[in-house]
Amino acid sequence: MNKIIRFIPLILFISLGIILYRGLALNPQALPSALVGQKMPEFVLTQLLKPKVMLTEKDLVGDIKLLNVWGTWCVYCKYEHPYLVDIAQSGRVALYGLNYKDDRDDARQWLKDYQDPYLFSIFDPLGKLGIELGVTAAPETFVIDSKGIIRMKHVGPIDGKVWQEKFLPLIESLEKELVAGTS
Amino acid sequence: MKYLIFTLLFFFVFSTEAWETDTYVFPDEVTETRYKSLVKELRCPKCQNQNLADSNSPIAADLRREVYNLLEQGKSDGEIVGFMVQRYGEFVLYRPQVSSLTYVLWFGPAFLLLIGVMVVVQILRKKPVKKETIVLSDEQKDKLAQILKDK
């Protein structure tokens, strides 16, 4: 009995070590979004390319919507841009942009230079909608279903791998939901 | 000595709230105190370990402005904290709420301390081992005397 007790500290130490070691592999930047499962927040903001057009959450139409938070100041937005163009061309989802804390002219130039994949971009220079959405930085992408519920938030750039592993499975299940809903 | 005073003065100059770059005007002292305690309590969601007051990241500045606006609207501290948690999750709280997820966090240390106390008590209560009085036989005494003599 005494011998077993002697090993208890060692066992505790090893198990603590294993837990902490596994903690090293976690990504501290990946925060669970508080907004998943909630309705898209309300907003009234202008459209990036048409400053006179006011937009609200009702203008985001489509069965499966992607809202991509971007800015010309954001390095990874440039990286993910070609993928967004591909996604828009696939026509599988409705891709909207949220131009976050940016300059209107710079943003226009960017869309001219690199092609505009968005149905439209919401212009949010002060990050008001950003705060409502719990955006911490760009790029971030929200997946919104046909009822306007946020289903996923992805922090960081989208590329082929992320699209395959994270977005496609969800989009497929959303498409199934749609089919089940209409029949 | 002179240098020491100089160095100390230097630190003093730079330690006086160097982070406060926003120029918010508060209607009264209470609101200002509330603002200061709120931005200290709330964690910057983008930074790993800084509160809103310490961080100079753009998101922290935005959230400070938001805290200020909410205070202006007459929101209570609880409502402001709730506003942040609703959008950024419990991550923004430096003092997480007590829930089944955070029991370990809140009560773990006390539990470990309790174990420690129990172990110490256990050790202290153990009866001390009786000391046997060792008596040398005559023969050994002679031998000892012999050895000491040879030295």
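Going by the structure above, here's the rest.
Residues numbered from 1 in each chain as written. Chains lettered and ligands numbered in written order. Predicted model: local features only at pLDDT ≥ 70, side-chain atom pairs only at ≥ 80, totals over all residues. Heavy atoms only, no water.

Thoughts on the side chain of Ser57 of chain B
Here comes step 1: You can see Ser57 of chain B is positioned in the loop between helix 2 (29-41) and helix 3 (58-72).
Here comes step 2: Setting aside residues no more than four positions away along its own chain, Ser57 of chain B makes contact with Cys44 and Cys47 of chain B. (Helix = DSSP H or I, 4+ residues; strand = E, 2+ residues; numbered from the N terminus. Contact = heavy atoms within 4.5 Å.)

Points about the nonpolar core
Here comes step 1: Judged by nonpolar contacts, the single largest core of 70 residues is most densely connected at Leu67, Ile122 and Leu133 of chain A together with Val67 of chain B.
Here comes step 2: Setting aside residues up to four positions removed in sequence, Leu67 of chain A forms contacts with Met40, Tyr96, Gly97, Leu98, Ile122, Leu133, Glu140, Thr141, Phe142 and Ile144 of chain A. (Core = buried A, V, L, I, M, F, W, Y, C linked by side-chain atoms within 4.5 Å. Buried < 20%, exposed > 50% of the residue type's maximum accessible area, 1.4 Å probe, protein only.)

Points about the packing of helix 3 of chain B against helix 4 (residues 77-88) of chain B
Residues and elements named next belong to chain B.
Here comes step 1: Between helix 3 and helix 4, whose axes approach to 10 Å, the crossing angle comes to 140 degrees. As summarised for this structure, helix 3 and helix 4 are arranged oblique, according to the angle between their axes. Considering the relative orientation of helix 3 and helix 4, their crossing is right-handed. Here Ile59, Leu63, Glu66, Val67, Leu70 and Leu71 of helix 3 come into contact with helix 4, specifically with Ile80, Phe83, Met84 and Tyr88. (Axes fitted to C-alpha atoms, helices over the stretch in contact; angles between N-to-C directions. Parallel < 35°, antiparallel > 145°, perpendicular 65-115°, else oblique. Left-handed = near helix turned anticlockwise from the far one by under 90°.)

Section: the packing of aromatic side chains
Here comes step 1: Here the structure, examined in full by the defined rule, presents 13 aromatic pairs over all chains.
Here comes step 2: Pairing Tyr96 of chain A with Phe120 of chain A gives two aromatic rings, centres 4.8 Å apart and planes at 55 degrees, and the pair type is tilted. Highlighted residues: Tyr96 of chain A in strand 4 (residues 94-100) and Phe120 of chain A in the loop between helix 3 (104-114) and strand 5 (121-124), separated in sequence by 24 residues.
Here comes step 3: For Tyr96 of chain A, a relative accessible area of 3% puts it in the buried group.
Here comes step 4: With 5.8 Å between their ring centres and 80 degrees between their planes, Tyr24 of chain B and Tyr35 of chain B make a pair best called edge-to-face. (Phe/Tyr/Trp six-rings, centres within 6.5 Å; stacked < 30°, edge-to-face > 60°.)

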